[in-house]
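Working through the structure, step by step
The chain contents come next:
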Amino acid sequence: GAGVSQSPSNKVTEKGKDVELRCDPISGHTALYWYRQSLGQGLEFLIYFQGNSAPDKSGLPSDRFSAERTGGSVSTLTIQRTQQEDSAVYLCASSLGSASGANVLTFGAGSRLTVL
Amino acid sequence: AQKITQTQPGMFVQEKEAVTLDCTYDTSDPSYGLFWYKQPSSGEMIFLIYQGSYDQQNATEGRYSLNFQKARKSANLVISASQLGDSAMYFCAVFYQGAQKLVFGQGTRLTINP
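First, a word on what this report is: a plain description of the structure on this page. (Residues numbered from 1 in each chain as written. Chains lettered and ligands numbered in written order. Predicted model: local features only at pLDDT ≥ 70, side-chain atom pairs only at ≥ 80, totals over all residues. Heavy atoms only, no water.)

Concerning the nonpolar core
- One finds I4(B), Y25(B), W36(B), I49(B), L77(B), Y90(B) and L110(B) to be the most contacted residues of the largest nonpolar core, which totals 27 residues.
- Within the residue set of this core, elements represented by two or more residues are β2 (10-14), β3 (19-21), β5 (32-39), β6 (46-52), β8 (64-69), β9 (74-79), β10 (88-96) and β12 (108-113) of chain B.
- Considering each element in turn, this core owes the most residues, five residues, to β10(B).
- Ignoring anything within four residues of it in the chain, the contact list for Y25(B) reads K3(B), I4(B), Y32(B), L34(B), F68(B), K70(B), K73(B), S74(B), A75(B), V94(B) and Y96(B).
- If you look at the next biggest cluster of nonpolar residues, it comprises 22 residues, including A31(A), Y48(A), M45(B) and M89(B). (Core = buried A, V, L, I, M, F, W, Y, C linked by side-chain atoms within 4.5 Å. Buried < 20%, exposed > 50% of the residue type's maximum accessible area, 1.4 Å probe, protein only. Helix = DSSP H or I, 4+ residues; strand = E, 2+ residues; numbered from the N terminus. Contact = heavy atoms within 4.5 Å.)

Right under this line is the structure:
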């Protein structure tokens, strides 16, 4: 596609429920990142996929968070047993390769998660 | 450590004035990249400018320039002739080649007054 597509754009859920957030990167982009942005805060790194390499999961805040990327394209971020502190905007970004001046990260519009 | 510091949580500037947004970073990597992104109230992340750690010249993109001081680990963004549409959050970010990770600062909220 022309840009990074994320769905849903908004998700309201009850505490304890599981949620799935989807990211469809730009076609041909091998690198894919997930970030979390709480209200008025910076972007917190969650996970990074690069081609067929094992993902860098070092930013996932707990074992309730997981992500996968199927076929090197679409990625799904899953949050199990959601808590109120999980409420945030989840941003996905992709790039052709390692980030550089030639490989700038392109961000999606984000998925706003609200846990009641 | 991979820490990006933006010391100015908020800035107010008169239209048409130049503004400098501060950014310092920690790194022991010899190779890294520096990015600035703009996030307007709509929430989208807009790429502004990039500087590689080995680049000798400071990067410029239109009204944006990056004041890169490698020894000080500083990468300040300069916006010349500010416009009302420049009002937004601005994020500094560093791509660490070793960790293959793009780390963001906490951001600076810039408000341009008419």
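Remarks on the interface of chain A and chain B
- With 18 residues of chain A at the contact, the number on the chain B side is 16 residues.
- Both faces combined, the contact of chain A with chain B buries some 1500 Å², and carbon together with sulfur accounts for 58% of it.
- Our count for the contact surface shared by chain A and chain B stands at one salt bridge.
- In this structure, K101(B) engages D56(A) in a salt bridge whose closest nitrogen and oxygen atoms are separated by 4.0 Å.
- Taken together, the connections running from chain A to chain B amount to five residue pairs in polar contact (both at pLDDT 80 or more).
- Mapped by element, the contributors of at least two residues to the side of chain A that touches chain B are β4 (31-37) and β5 (43-50) of chain A.
- Considered class by class, the residues forming the side of chain A that touches chain B number 10 nonpolar, seven polar and one charged. (Buried area = accessible area lost by both parts, 1.4 Å probe. Salt bridge = Lys/Arg side-chain N within 4 Å of Asp/Glu carboxyl O. Polar contact = N/O pair within 3.5 Å; in protein donor to acceptor, adjacent residues only side chain to side chain. Nonpolar A, V, L, I, M, F, W, Y, C, P; charged D, E, K, R; others polar.)

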